Amino acid sequence: METTGNNSGDPAASRQQELIHQVFNAADYYDRVDALKEIDDQEVLRKVAANDPDYYVRQTATEKIIDENVLMQIALNDSDYYVRVAAVRKISDSATLAHIVLRSQEDYYICKDAIAKISDDQVLFKLIKEITDRDIMKSAVEAISNQEILTHIARTHDDFYVRSDALKKIHDQPVLEDIARNDEDYYVRALAVERVKNLDVVAGIAINDEDYYVRNKAVGRLENAQILAEIVRKDVDFEVRKKAISRLQDRDILQQLLTEIDDHYIQRKINSRLMGL
């Protein structure tokens, strides 16, 4: 091994030269990895991460790199998932991580790891506007904690799946009540009604929502016997009426309903409920 005259009296410098020679020339990747463990020279690590033919050697080098611009290039360009994720996990800058997400949407797991490290909700909010993959967008929404941002997404995003993901994280009851009453999509309204605490609001939705699925979800939250009985009498959907019957605990009201309702199937469900009480 060649050494410079300046290193001849410096054991530490000589050792580094030996390690660098080993990391670039050893045939066995284990030997190259062992050498890397004692190397901190960032330029050497960058060259190894960019050029070594073995993914584990590149990963080991990547895990010791400090420069986030270098790490970003590795995260975007390395052919191996484990090397890319090692780079992502070393990056802390939210804007850099967002850039990686936008450039890597074909790789869900890289994006998920990058999103998990983004600590700025405004960056995540901007990212949601630009992401095209729904699953990655879901991860971004789930990473947001700012209630104002989540409310904005839940009220305005054009994808009902994204609105649903946002409202799952909203705590503000008036916001949830508004979404349960007014969202244009039945699935979003149904999801919101399951999180509304005010049962008077839930009862109103159970009676008035245009969609049977939403009414059914609302009825499943109710305990007021008079309201449930009225739904059994008047709702146009069999499944909603059946759900209301299943929620009734009052035998007298159930008996009264038997005298009022002619529908054979509803009568059978009422009798079945009475037998179960």
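Scroll up a little and you will see the structure.
All figures in this text were calculated on a predicted structure; none of them were measured in a lab.

Enquirer: How should the packing of helix α16 (residues 212-219) against helix α18 (residues 238-247) be read in this particular structure?
Expert: Angle between the axes and distance between the axes: these two values describe a pair of packed helices. Axis separation between α16 and α18 bottoms out at 9 Å; the angle between their running directions is 0 degrees. Classified by the interaxial angle, the pair formed by α16 and α18 is roughly parallel. Residues Y212, R215, N216 and V219 of α16 form the contact with α18, whose own contacting residues are E239, V240, K243, A244 and R247. Taken together, the residues that form the contact of α16 with α18 break down as four nonpolar, one polar and four charged.

Enquirer: Would you mind going over the packing of helix α8 (residues 108-116) against helix α10 (residues 134-143) with me for this structure?
Expert: Contact geometry of α8 with α10 gives a least axis separation of 10 Å together with a crossing angle of 15 degrees. As the angle between them shows, α8 and α10 are arranged roughly parallel. At the point where α8 passes α10, the crossing takes the right-handed sense. Between α8 and α10, the contacting residues are Y108, C111, K112 and I115 on the first element and D135, I136, S139, A140 and A143 on the second.

Enquirer: Any chance you could explain the nonpolar core here in plain terms?
Expert: In globular proteins that are soluble, nonpolar side chains generally tend to be buried together. Of all hydrophobic cores here, the largest spans 88 residues; its most connected members are L167 and I270. Among the elements that take part in this core, helix α5 (residues 68-77) stands out by supplying six residues, more than any other. Those residues in contact with L167 that lie beyond four places of it in its chain are A154, L176, I179, V188, L191, A192 and R195.

Enquirer: What exactly am I supposed to notice about a nonpolar patch on the surface here?
Expert: A cluster of nonpolar side chains, Y55, Y56 and Y82, forms an exposed patch at the surface whose accessible area comes to about 310 Å². Within the secondary structure, Y82 is located in helix α6 (residues 81-88).

Procedures and definitions
- Starting afresh in each chain, residues are numbered from 1 along the sequence in its written order.
- Totals for whole chains, interfaces and linings use every residue, but because this is a predicted model, local features are given only for residues with pLDDT of at least 70 and side-chain atom pairs only at 80 or more, for both listing and counting.
- By convention in this description, side-chain values take in all heavy atoms of the structure and omit both hydrogens and water.
- Angles shown run from 0 to 180 degrees and are taken between the N-to-C directions of axes, each axis being a line fitted to C-alpha atoms and, for helices, limited to the stretch in contact.
- In this description a helix means any DSSP run of H or I spanning at least four residues, a strand means any run of E spanning at least two, and both kinds are numbered starting from the N terminus.
- For classification purposes, angles smaller than 35 degrees are called roughly parallel, those larger than 145 roughly antiparallel, those between 65 and 115 roughly perpendicular, and all remaining angles oblique.
- Any two residues whose heavy atoms approach within 4.5 Å are treated as being in contact.
- Classification used: nonpolar for Ala, Val, Leu, Ile, Met, Phe, Trp, Tyr, Cys and Pro, charged for Asp, Glu, Lys and Arg, polar for all others including Gly.
- Helix crossings fall into two classes, left-handed where the near helix is turned counterclockwise from the far one by less than a right angle and right-handed where it is turned clockwise.
- For this analysis, a nonpolar core means a set of buried residues of the types Ala, Val, Leu, Ile, Met, Phe, Trp, Tyr and Cys, connected via side-chain atoms within 4.5 Å.
- With a 1.4 Å probe rolled over the protein chains alone, any residue whose accessible area is under 20% of its type maximum counts as buried; one over 50% counts as exposed, and the rest are partly exposed.
- Like charges are joined within 9 Å and nonpolar side chains (Val, Leu, Ile, Met, Phe, Trp, Tyr) within 5 Å, but only among residues with over 30% relative accessible area and no salt bridge; these make up the patches.
- Here the Shrake-Rupley method, with its probe set to 1.4 Å, supplies the accessible areas, and only the displayed protein chains count as covering residues.
- Take a side-chain nitrogen of Lys or Arg and a carboxyl oxygen of Asp or Glu: if they are within 4 Å of each other, that pair is a salt bridge.

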